[in-house]
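Summary of structural features
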Amino acid sequence: MNIYTNTNSAFPSQVVSDAEKASLEYGSQVAMAIEYEWFGQGRTSGNRYLTNWNNFHLGLNNLLNKDGKIESETGYDKMTISPSNSINFQWDIVTQAMNLYKGKVRLVYGVGIDYNNYRFKNDISLNADSMVLFITEDGIDYDKNKLVTQHINVPVMLNFKLSPANADEDVYISAGANFGYLIRAHQKQVWDDNGKKKNKVRDDYNLEQFRVGYEVQFGYKNIILFGKYFPKSIFKTNEGPEL
């Protein structure tokens, strides 16, 4: 039996007899068309969903005070960080893109883990379990002194593909929201005292549990330039600096 398909769709033609529609071959083509158009992983720009696993991003962190300046708040001057040594590492466990319009506009969402390192320039310690965060100067020459945070990360963005028909020249812009939930934090210090010494203290350090920010991406093939901005302080109101 010959089953004719619509040239603009993977689905077989509806203008056939009831006998043909009841055939096993017709039913198989409908099932394959659903799988192809909705879950075909990258075989055509018109696919409804595209899922990617285990993508990684690397960036740098910086902190702004409430006036939008790259300097610590009064009273927390010693908390100045070194941006070039403050690494952001993002692991996108799973990301899915839902086609909204002809493969040119997609809704992108997913879940991952976001690791942020804030490397202090000064030899300080953050005091754990304090109602209001305060710091002490230790008099120890630290080789490494940093605050590390770990968030569950949920981005939700609109993705605009500029060349959806040509995968080899894939260019796109994405913009949207970035949601985070703090799951872990610690301060790590490394110094030399007749041998290498380490100290790691786990605490929430009055950090905000939830965060909401903005993210923009520009992609070309497999290269992605990205930026994230979280307007609210990483510390709870009146329990730490506004950074």
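The written sequence of each chain sets the order in which its residues are numbered from 1. Whole-chain, interface and lining totals are the exception, using all residues; otherwise, since this is a predicted model, local features are given only for residues with pLDDT of at least 70 and side-chain atom pairs are given and counted only at 80 or more. Hydrogens and water are ignored here; the side-chain numbers use all heavy atoms of the structure.

Thoughts on the overall build of the chain
Condition: Going along the chain from the N terminus, every DSSP run of H or I of four or more residues is numbered as a helix, and every run of E of two or more is numbered as a strand. Three exposure classes are used, based on accessible area relative to the maximum for each residue type with a 1.4 Å probe and protein chains only: buried under 20%, partly exposed in between, and exposed over 50%. Should any heavy atoms of two residues lie within 4.5 Å, those residues are counted as being in contact. Where accessible areas are quoted, they stem from the Shrake-Rupley method and a 1.4 Å probe; at the residue level, only the protein chains shown are allowed to cover.
Scanning the chain from N- to C-terminus turns up two helices and 10 strands. Across the chain, helices and strands are ordered from the amino to the carboxyl terminus as α-α-β-β-β-β-β-β-β-β-β-β. Relative to its full complement of 243 residues, the chain shows a buried share of 38%. A fraction of 62% describes how many contacts in the chain between residues 6 or more apart in sequence connect residues 24 or more apart. Summing over all exposed atoms, the chain offers an accessible surface of approximately 14,400 Å²; the carbon and sulfur share of this is 54%.

Regarding the environment of Met79
Examined against the element boundaries, Met79 turns out to sit in the loop between β1 (49–60) and β2 (87–101). Under the relative-accessibility criterion, Met79 is labelled buried at 3%. Distance from Met79 to Asp123, taken between C-alpha atoms, is 9.2 Å for residues 44 residues apart in sequence. With residues near it in sequence (within four places) discarded, Met79 still touches Ser72, Phe120, Ile124, Leu126, Leu133, Ile135, Phe235 and Pro241.

Some thoughts on the pattern of salt bridges
Quick reminder of the rule: The working definition used for a salt bridge is a side-chain nitrogen of Lys or Arg within 4 Å of a carboxyl oxygen of Asp or Glu.
Following the criterion strictly, the structure yields three salt bridges and no others. Here Lys228 ties to Asp114 by a salt bridge, and the two come within 3.2 Å at their closest N and O atoms. With a gap of 114 residues between them, Lys228 in strand β10 (residues 223–229) and Asp114 in strand β3 (residues 105–119) connect regions that are remote in the sequence. A cluster of three or more residues bridged by salt bridges with shared partners is formed by Asp114, Arg211 and Lys228.

Digging into a positive patch on the surface
Selection criterion: Exposure above 30% relative accessible area and the lack of any salt bridge qualify a residue for a patch; like charges then connect within 9 Å, and the nonpolar side chains Val, Leu, Ile, Met, Phe, Trp and Tyr within 5 Å. Positive residues here are Lys and Arg, negative ones are Asp and Glu, while His and the chain termini are left out of the count. Every charge is mapped to an atom, namely NZ of Lys, CZ of Arg, CG of Asp or CD of Glu.
Residues Arg184, Lys196, Lys198, Lys200 and Arg202 make up a contiguous surface patch of positive charge. Looking at the positive patch element by element, the count peaks at four residues for strand β8 (residues 196–202). With respect to the helices and strands, Lys196 occurs in strand β8. The exposed category is assigned to Lys196, whose relative accessible area is 63%.

Everything listed is a geometric property; what it means functionally is a separate question.
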